[in-house]
Amino acid sequence: MNLRQTENDRFALRFPFRPIQLPPGAATAFLETVDAGTHAEVSVVQFTADAQYGENFAGRARIHALDLYRRNPTSEDRVVDADELWLRFGQKPEGLALPAGSSFFVQIGKAPKMERQPVRLLESYGVASTSFNRFEDVAVLAGGTYRRGLYWRAEVSKGNPLFFRDANALAGDNGASELRRPNPNPKIKSGFPILYNAEVEGYLFDSNPQIGGGLGYRFGDGNGERGVDLLMFHYQRELAVEADLTGTFYGGDLDLLDGAGGISLPISGNRKRDSGLRAFGKWSGLTVYALAVQQEIAGLNRSGYELESGYTIPVALGNLRGRSVITSIQPAVRGSAIINHFRGPREFPAPSVWWDWSKVDVGVRVGIFERYDLTLERATHFIDAPVELSQGETLLTFRVRL
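Cut-offs applied
Here the residue numbers are simple positions, counted from 1 along each chain's written sequence. Residue-level local features of this predicted model are given only where pLDDT is at least 70; pairs of side-chain atoms are given and counted only at 80 or more, and the full residue set underlies all totals for whole chains, interfaces and linings. Only hydrogens and water are set aside; all other atoms, that is, all heavy atoms of the structure, feed into the side-chain values. What makes two strands pair is DSSP finding at least two bridges between them. Numbering goes from the N terminus for both helices and strands, where a helix is a DSSP run of H or I of at least four residues and a strand is a run of E of at least two. Here the aromatic set is Phe, Tyr and Trp, taking the six-membered ring for Trp, and pairing holds for ring centres within 6.5 Å; pairs whose planes are under 30 degrees apart are stacked, those over 60 apart are edge-to-face, and all others are tilted. Buried means the residue's accessible area, taken with a 1.4 Å probe over protein chains only, is under 20% of the maximum for its type, while exposed means over 50%, and partly exposed covers the values in between. Charges are assigned to positions over rings by a cutoff of 6 Å between ring centre and Lys NZ or Arg CZ, combined with an angular limit of 35 degrees from the ring normal. Any carboxyl oxygen of Asp or Glu that lies within 4 Å of a side-chain nitrogen of Lys or Arg is treated as forming a salt bridge with it.

**Student:** Just to check I follow, could you spell out the pairing of strand β22 (residues 393-400) for this structure?
**Tutor:** Bridge analysis of strand β1 (residues 2-6) against β22 gives 5 bridges, and the strand direction is antiparallel. Its bridge partner being in β22, Asn 2 is matched across the sheet by Thr 397.

The structure is reproduced here in structure tokens:
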């Protein structure tokens, strides 16, 4: 459950919309804050079932309902969906855990990307994580560990389609059905979208699968409480001419980059490549995550960076029937950035996709009893736009685990 406060702003577009495509009485269209103001909302209800048999078989089904902040890519996306749905054969040590020796596994289904942050400190996401690895992919993944520390990954996957969304909690309604009505004025606005790897549609591979792999090394105490995990990763595929996404009549991949009305980004070819480095470490109460990514999409290049750190302080504050009310306090800070090495025509319908973007998130998570936590965080944006924009957001999240 969330209490969300988002600052309001808008940016006038130069794209030649027809009068019937604009709100009543409007002379131009705007990029506009998705849902400004203060709102109380239930953001997600989630059910997770884990299965395990010995050391060599595991599976997971993680189903969500509502999931307002993961709608992919508009508020008209599915209300119920599977975040994870996979089976695994063999040993795949998670996080900083180390196997007893060399190991091998095969995993099939929808699961998080290999470089995604294994332990979340805040409820929000940085702009780099949002752009590159926020959403799961459907893959056949093989991997193994050599002498405990050195490990490798190789996969064939469906590949996350390229689309765009706002950098704050709500994605924004780009291509929602209401925009096809005469003189639309939807409640959920477009936001200031950035390019991102959206959630996959369906579970069957398309004609342009993605090839990926990684090489990493982890060391530490072996039980996952202290250690460091370093990973190099790479993904490559051909962009589809048009990728169909639930909840929008816009097409993803090349159709998105090609714009509308003959106004296109300066694209060439259809290759998409993501390469990067990820580091994750824990030491006592300290947790650190770092990410650096270089991406090429049809000749357009951009970079993403992220650094997040938090420290968990065990406490025993308050007393209710012999139980401590507040059990931990975890302050955290994150800095993230997207640097775009391309520019498009001023008339492009979403010029925010090439604005350089930095975001700083500061927050604190408070553990309450054993099954509850309260997280307060504040996002501050620094956007290299033609005008100064105010896109700050405050998010208060109360989470209950049963």
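**Student:** In this structure, what is going on with the packing of aromatic side chains? I would like to understand it.
**Tutor:** The description of two aromatic rings rests on the distance between their centres and on the angle between their planes. For the coordinates displayed, the defined rule picks out 13 aromatic pairs. Summarising the aromatic geometry, the rings of Phe 104 and Trp 152 are spaced 6.2 Å apart at their centres and angled 35 degrees between planes, so their arrangement reads as tilted. Taken together, the positions of Phe 104 in strand β8 (residues 103-111) and Trp 152 in strand β10 (residues 150-157) put the pair 48 residues apart, joining distant regions of the chain. Residues Tyr 372 and Phe 398 carry aromatic rings whose centres are separated by 6.1 Å and whose planes lie at 0 degrees to one another, so their mutual orientation is stacked. Highlighted residues: Tyr 372 in strand β21 (residues 372-383) and Phe 398 in strand β22, separated in sequence by 26 residues. Taking relative accessible area as the criterion, Tyr 372 reaches 31% and is therefore assigned partly exposed. Put simply, the rings of Phe 163, Phe 164, Phe 249 and Tyr 250 touch in pairs and so form one group of aromatic residues. The ring centre of Tyr 235 lies 4.1 Å from the NZ or CZ of Lys 113, which sits over that ring.

**Student:** What am I meant to see in the pattern of salt bridges here?
**Tutor:** Opposite charge on two side chains allows them to pair when their charged atoms are near. Per the counting criterion, the structure on display carries 34 salt bridges. Linking Asp 35 and Arg 4 is a salt bridge whose minimum nitrogen-to-oxygen distance equals 3.0 Å. Pair noted here: Asp 35 is in the loop between β3 (30-32) and β4 (37-41) and Arg 4 is in strand β1, with a separation of 31 residues, a long-range link. By the burial criterion, Asp 35 is buried, and Arg 4 matches it. Residue Glu 94 pairs with Lys 92 through a salt bridge whose shortest N-O separation is 3.4 Å. Since its relative accessible area comes to 18%, Lys 92 is described here as buried. Put simply, Asp 67, Arg 70, Asp 83, Arg 116 and Glu 136 are held in one network by salt bridges that share partners.

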